[in-house]
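Analysis of the macromolecular model
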Amino acid sequence: MIAFNYYNPTEIIFGRGRHEEVGEQIRKRGGKKVLFHYGGGSIKRSGLYEQICHSLEEAGLSFVELGGVRPNPRVSLVREGIRLCREENVDYVLAVGGGSVIDSAKAISAGMFYAGDVWDFYLRKAEVQRALPIGVVLTIPAAGSETGGGSVITNEDGDFKRDYISNLLMPQFAILNPELCRTVPQNQISAGSADILAHVMERYFTNTPRTDFIDRLCEGAMRSVMLSAVRVKKAPNDCDAWSELMWGGTIAHCGLLGTGRVQDWASHNIEHELSAKYGIAHGTGLAIIFPAWMKYVHKVNPGRFVQFAVRVMDVDISFDSQEEIALEGIARVENFFRSLDLPVRLHEAGIGTDDFDELARKACDRGTFGGFMKIGYDDVISILKLAQ
């Protein structure tokens, strides 16, 4: 293992009905004027919107609203949120939704006290020095943004999708009520499950030696996530299955499973360009890119891929070679994504080959990337070809 610091201050409030506590959770942390940030109309159709409003009012809090967050959240709405917070003297941001809403809320929080444009953070031109506190009511397990300091935002001017990470953007609390997940559409269940699995795999595929404890945690997490994803897809009203998937999504991305090792994140970096340009769900893009990346890099450390194939995907070791075991494990990952009705090739998502040069250039605009194998322009092109 390598040296590490692990820090996660977010309080998890888990269980049925716990979202009704949201007003009190903000009040006891000193919040008085809240930005209630959310996505489309789903929280209004489900009745959650009224319940959140009631909880805030019962706690004696005033609030302003900003809805309209879309998948791959836009910087234009973030700028509108910053303006609103300044005009209304907001002192707390509440994100109610999934990863897109949470990431947008973090960007608003970051930009509140910054004199320049919030996109500067995502271009690495500035660092957050002060931010509004954030609370979360999670409705879609997937991104894991509820316990992290990372935010991913899309700039419509050029279709750039970039991330920014700061401990100052870690939510103070996150309410996880599995009952709120029961209205999630089937396509979001599948894409979210792929996102969760990819978060673990980005940490699992490492060349750092002697990390068996975290390996075993990752392997258990991946097996559980895949099982829960299938259960939820078959029975979307099963709160016990949602509980497993929801908690799995949080643990997958809270930082614990990456401790003591060099992590990768090449697949995420490449996928960001797909979802920025084509508007596909992040998890859908990962279901396409991750197996292609695995095929491209598995010979760098075949033992790691054999271990994954055997321990996670139940591949029999009777194959003639490590290569065959590794490739069978990758094939089973693809089959799992297919079982969730996800595309595993670009053409299955309606994406052609015309934009490969643009996608690769944007992916590499900060240089090479990836912890398992350094990925450059030519490598991205090769991975995209494997995914076509």
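Conventions used here
- Residues numbered from 1 in each chain as written.
- Predicted model: local features only at pLDDT ≥ 70, side-chain atom pairs only at ≥ 80, totals over all residues.
- Heavy atoms only, no water.
- Helix = DSSP H or I, 4+ residues; strand = E, 2+ residues; numbered from the N terminus.
- Rg over C-alpha atoms; globule rule 2.2 N^0.38 Å.
- Buried < 20%, exposed > 50% of the residue type's maximum accessible area, 1.4 Å probe, protein only.
- Contact = heavy atoms within 4.5 Å.
- Lys, Arg positive; Asp, Glu negative; His and termini not counted.
- Charge placed at Lys NZ, Arg CZ, Asp CG, Glu CD.
- Pairing = 2+ DSSP bridges.
- Expected span 1.5 Å × (residues − 1).
- Axes fitted to C-alpha atoms, helices over the stretch in contact; angles between N-to-C directions.
- Parallel < 35°, antiparallel > 145°, perpendicular 65-115°, else oblique.
- Left-handed = near helix turned anticlockwise from the far one by under 90°.
- Nonpolar A, V, L, I, M, F, W, Y, C, P; charged D, E, K, R; others polar.

Points about the overall build of the chain
On a plain count of helices and strands, the chain comes out with 15 helices and 8 strands. In summary, the chain has a C-alpha radius of gyration of 20 Å against a globular reference of 21 Å for 388 residues, a match within 12%. Across its three principal directions, the C-alpha atoms of the chain cover 70 × 45 × 45 Å. When the 388 residues of the chain are sorted by exposure, 56% land in the buried category. Residue pairs in contact within the chain that sit at least 24 positions apart in sequence constitute 77% of those at least 6 positions apart. Averaged over its 42 positive side-chain charges, the chain has a centre that lies 2 Å from the centre of its 49 negative ones.

Description of the pairing of strand 7 (residues 160-165)
For strand 6 (residues 150-155) and strand 7, the ladder comprises 6 bridges, and the chain directions are antiparallel. Within strand 7, the position partnered with Ser151 by the bridge is Tyr164. The loop that links strand 6 with its antiparallel partner strand 7 comprises 4 residues; one of these, Gly158, has a positive phi angle of about 105 degrees.

Notes on unusual backbone geometry
For Asn72, which is not a glycine, the phi torsion comes out positive at approximately 55 degrees. For Asn72, the location among the structural elements is in the loop between strand 3 (62-66) and helix 4 (75-88). Its relative accessible area of 6% is what places Asn72 among the buried residues. Look at Arg210: it is not a glycine, yet its phi comes out positive at around 55 degrees. Structurally, Arg210 is set in the loop between helix 7 (186-204) and helix 8 (212-234). A residue is classified by how much of its surface remains accessible, and Arg210, at 78% relative accessible area, is exposed.

A look at helix 4
Taking 1.5 Å as the rise per residue, helix 4 with 14 residues should run 20 Å; its terminal C-alpha atoms sit 20 Å apart, in good agreement. What helix 4 keeps buried is the set Val75, Leu77, Val78, Gly81, Ile82, Leu84 and Cys85. Contacts from the buried residues of helix 4 go to strand 2 (33-38), strand 3, helix 5 (99-111), helix 6 (119-122) and strand 6. Asn89 lies just past helix 4 and shows a positive phi near 55 degrees.

What to know about the sheet that holds strand 5 (residues 134-138)
An order of 1-8-5-4-2-3 is seen for the 6 strands of this open sheet, with the pairing classed as parallel. Since the sheet does not close on itself, it has two edges, and those belong to strand 1 (11-14) and strand 3, each with one partner. Between one strand and the next, the sheet's axes are offset by a mean angle of 20 degrees, whatever the strand orientation. Running at roughly 160 degrees to strand 3, helix 4 makes contact with strand 2 and strand 3 of the sheet.

Observations regarding the packing of helix 7 against helix 11 (residues 282-297)
The N-to-C vectors of helix 7 and helix 11 enclose an angle of 55 degrees; their axes lie 7 Å apart at closest approach. Considering their axes alone, helix 7 and helix 11 lie oblique with respect to each other. At the point where helix 7 passes helix 11, the crossing takes the left-handed sense. Between helix 7 and helix 11, the contacting residues are Ala191, Ala194, Asp195, Ala198, Met201 and Glu202 on the first element and His282, Gly283, Thr284, Leu286, Ala287 and Phe290 on the second.

Description of the environment of Asn5
Mapped onto the fold, Asn5 is located in the segment before strand 1. A relative accessible area of 79% places Asn5 in the exposed class. Taking the C-alpha atoms as reference points, Asn5 and Gly260, 255 residues apart in sequence, are found 8.9 Å from one another.

Side note on the side chain of Ser104
With respect to the helices and strands, the residue Ser104 is situated in helix 5. On the accessibility criterion, Ser104 (1% relative accessible area) is buried. In this structure Ser104 touches His37, Val69, Pro73, Val78 and Ile153, once residues within four positions along its chain are discounted.

Notes on the packing of helix 11 against helix 15 (residues 377-387)
In a packed pair of helices, the relevant descriptors are the angle between the two axes and the axis-to-axis distance. Axis separation between helix 11 and helix 15 bottoms out at 8 Å; the angle between their running directions is 115 degrees. Note that helix 11 runs across helix 15; the crossing there is right-handed. Across the interface between the two elements, Ile288, Ile289, Ala292, Trp293, Lys295 and Tyr296 from helix 11 touch Asp379, Ser382, Ile383, Leu384, Leu386 and Ala387 from helix 15. Taken together, the residues that form the contact of helix 11 with helix 15 break down as 9 nonpolar, 1 polar and 2 charged.

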